[in-house]
Amino acid sequence: MAQMDEPGYLPHGNPCAQCGKPIAAPDWIERSPGRWSYLWTCRACGYRFEAIAFYDEAKREQKAMAA
Ligand SMILES: [Zn+2]
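Okay, so let's go over this structure. What you are looking at is a predicted structure, and each value in this text was computed from that prediction instead of being measured.

Conventions used here
Residues numbered from 1 in each chain as written. Predicted model: local features only at pLDDT ≥ 70, side-chain atom pairs only at ≥ 80, totals over all residues. Heavy atoms only, no water. Buried < 20%, exposed > 50% of the residue type's maximum accessible area, 1.4 Å probe, protein only. Helix = DSSP H or I, 4+ residues; strand = E, 2+ residues; numbered from the N terminus. Pairing = 2+ DSSP bridges. Core = buried A, V, L, I, M, F, W, Y, C linked by side-chain atoms within 4.5 Å. Donors = N, O, S within 2.8 Å, 3.2 Å for Na, K, Ca; no water. Axes fitted to C-alpha atoms, helices over the stretch in contact; angles between N-to-C directions. Salt bridge = Lys/Arg side-chain N within 4 Å of Asp/Glu carboxyl O.

Turning next to the pairing of strand β4 (residues 35-41). Most of β4 sits out of view: 6 of its 7 residues are buried. Strand direction decides the pairing type here: strand β3 (residues 28-32) and β4, joined by 5 bridges, are antiparallel. Each residue of the ladder has a partner; that of E30, found in β4, is S37. Where β3 folds back onto β4 in an antiparallel hairpin, the turn is made up of 2 residues, including G34, whose phi is positive at roughly 85 degrees. Bridge count between β4 and strand β5 (residues 48-54): 7 bridges; the pairing is antiparallel. Residue pairing for β5: R35 is matched across the bridge by F54. Where β4 folds back onto β5 in an antiparallel hairpin, the turn is made up of 6 residues, including G46, whose phi is positive at roughly 80 degrees.

The following block contains the structure:
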């Protein structure tokens, strides 16, 4: 089982930036402090693009402390 520290959601069904067809899941995910990068490859037209999700580390820590 994957033990990834997810930013709260995992994007899926992201529409292709070129042809608009939904892509089931990102090809590749890169985790960096404060952000996640998702590499999407469209199976329909072959278009590749990256989407970046930013999140606030400090907010996550505050939430953890309050819990
Ligand atoms: Zn496409």
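Right, let's talk about the nonpolar core for a bit. The biggest cluster of nonpolar side chains holds 9 residues, and these are C16, I23, W36, Y38, W40, C42, F49, A53 and Y55. Those elements giving two or more residues to this core turn out to be β4 and β5. Per-element tally for this core: the top contributor is β4, with 3 residues.

With that settled, consider the coordination of the zinc ion. In the first shell of the zinc ion, the protein supplies C16 (SG), C19 (SG), C42 (SG) and C45 (SG), at 2.3 to 2.4 Å from the metal. The class of C16 is buried, set by a relative accessible area of 5%. You can call C19 partly exposed: its relative accessible area is 37%.

Turning our attention to the sheet that holds β5. Ordered in space as β3-β4-β5, the 3 strands form an open sheet in which the pairing is antiparallel. Of all the strands in the sheet, just β3 and β5 have a single pairing partner and so form its edges. Across the sheet, the mean angle from the axis of one strand to that of its neighbour is 15 degrees, orientation sign disregarded.

In total, this model carries 1 salt bridge according to the counting rule given. The salt bridge involving R43 is made with D27; its shortest N-O contact spans 3.3 Å. On the criterion of sequence distance, the pair formed by R43 in the loop between β4 and β5 and D27 in the loop between β2 (22-23) and β3 is long-range, its members being 16 residues apart. Its relative accessible area of 66% is what places R43 among the exposed residues.

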